[in-house]
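Chain and residue survey
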Amino acid sequence: RGQEGRALILSGSCSVATRKQVAHYSDKHPAFELTAETILDATHTVESVCNWIFEQTAAPLVFTTADPAVVRAAQGEFGQDFIATKIESFFGELAVESVNRGIKKIICAGGETSGAVVTALGVRTMEIGPEIAPGVPALKDADRDLVLALKSGNFGSERFFEEALGVLGQ
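Residues numbered from 1 in each chain as written. Predicted model: local features only at pLDDT ≥ 70, side-chain atom pairs only at ≥ 80, totals over all residues. Heavy atoms only, no water.

Let's shift gears to the nonpolar core. Ranked by internal contacts, the top residues of the largest apolar core, which has 31 residues, are L10, V62, L94 and I106. The set of elements that each furnish at least two residues to this core consists of β1 (6-11), α2 (36-40), α3 (46-53), α5 (80-101), β4 (103-109), α6 (111-121) and β7 (147-151). No other element matches the seven residues that α5 contributes to this core. Formed by 20 residues, the second largest nonpolar core is a distinct cluster that contains F63, I107, I132 and A138. (Core = buried A, V, L, I, M, F, W, Y, C linked by side-chain atoms within 4.5 Å. Buried < 20%, exposed > 50% of the residue type's maximum accessible area, 1.4 Å probe, protein only. Helix = DSSP H or I, 4+ residues; strand = E, 2+ residues; numbered from the N terminus.)

Rendered as structure tokens:
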């Protein structure tokens, strides 16, 4: 049984599967690409991206998913740990602000992204729901009206985001 309310998809994974999922979803749905540069130079802030999220009528996708060569170049320029920390922090803050504004469903692609989001939201206990894809269940925050789908990069089919939205209650 799904949940009513707005949904948000966040993707920080650069795996082959996630890159296909991002390409598939963004072809027909609202998608906002962040880069290390636009996060570091504050071209895009949590507030500006959150404003964009709430202008969308369909579940929006916000992603930093990129080809590994692009990621390596950014890591070479700014430092791998520094960039990872900044991006994960941005996603965590974005999740908190989005939930504060009314998001009820979050789908996260990427292990580190999922960890950053759950930590930032202060999720303590989750109830396990139906399976979305092998190894990826729907989850409910036991302390609030929020459902989640958390996956590491290579899980799920090309249609994973749509499938997760269906299970979480689009």
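Here the narrative resumes.
Turning our eyes to something else, we now look at the sheet that holds β7. Strand order across the open sheet formed by seven strands is β2-β3-β1-β4-β7-β6-β5, with mixed pairing between neighbours. Each edge of the open sheet is held by one strand with a lone partner, namely β2 (31-33) and β5 (126-133). Each strand of the sheet is rotated relative to its neighbour by a mean of 20 degrees, with strand direction disregarded. When β4 meets β7, the two strands line up parallel, connected through five bridges. (Pairing = 2+ DSSP bridges. Axes fitted to C-alpha atoms, helices over the stretch in contact; angles between N-to-C directions.)

Here we take up the packing of aromatic side chains. Using the criterion set out here, one finds three aromatic pairs in the structure. Taken together, a centroid distance of 5.2 Å and an interplanar angle of 55 degrees make the contact between F32 and W52 tilted. Here F32 is found in strand β2, whereas its partner W52 is found in helix α3, with 20 residues between them in sequence. Accessibility expressed as a relative area gives 14% for F32, which makes it buried. When the ring of F160 is compared with that of F161, the centres are 6.1 Å apart and the planes differ by 70 degrees; the resulting orientation is edge-to-face. Considered together, F160 and F161 belong to a single accessibility category, that of buried residues. Among the aromatic residues, those joined into a ring-pair cluster are Y25, F160 and F161. In this structure, K151 is placed above the aromatic ring of F160, and the distance from its NZ or CZ to the ring centre is 5.5 Å. (Phe/Tyr/Trp six-rings, centres within 6.5 Å; stacked < 30°, edge-to-face > 60°. Lys NZ or Arg CZ within 6 Å of the ring centre and 35° of its normal.)

Where a strand is regular, its side chains alternate between the two sheet faces. The sheet contact formed by β5 and strand β6 (residues 136-141) spans five bridges and is antiparallel. The residue of β6 that forms the bridge with I128 is L139. Here β5 folds back onto β6, and the loop between the two strands holds two residues, one of which, G135, carries a positive phi near 85 degrees. As judged from the three bridges shared by β6 and β7, these two strands associate in the antiparallel manner. Residue pairing in the sheet places A138 in a bridge with A149 of β7. In this structure, the hairpin formed by β6 and β7 is closed by a connection of five residues.

Turning our eyes to something else, we now look at the packing of helix α4 (residues 68-78) against α5. The geometry of α4 relative to α5 is characterised by a closest axis approach of 7 Å and an angle of 110 degrees between their N-to-C directions. Accordingly, the angle class assigned to the pair α4 and α5 is roughly perpendicular. The residues of α5 that touch α4, namely those facing A74, Q75 and F78, are Q80, F82 and I83. For the contact of α4 with α5, the per-class residue count stands at four nonpolar, two polar and no charged. (Parallel < 35°, antiparallel > 145°, perpendicular 65-115°, else oblique. Contact = heavy atoms within 4.5 Å. Nonpolar A, V, L, I, M, F, W, Y, C, P; charged D, E, K, R; others polar.)

What follows concerns the packing of α5 against α6. Relative orientation and spacing of two packed helices are given, respectively, by the angle between their axes and the distance between those axes. Two elements in contact, α5 and α6, have axes separated by 8 Å at closest approach and are oriented at 45 degrees. The orientation of α5 relative to α6 falls into the category oblique. Our pair here, α5 against α6, has a crossing hand that is right-handed. Of α6, the residues touching α5 (which contributes E88, F91, G92, A95, V96 and V99) are E112, T113, A116, V117, A120 and L121. Tallied by class, the residues present in the contact of α5 with α6 amount to eight nonpolar, two polar and two charged. (Left-handed = near helix turned anticlockwise from the far one by under 90°.)

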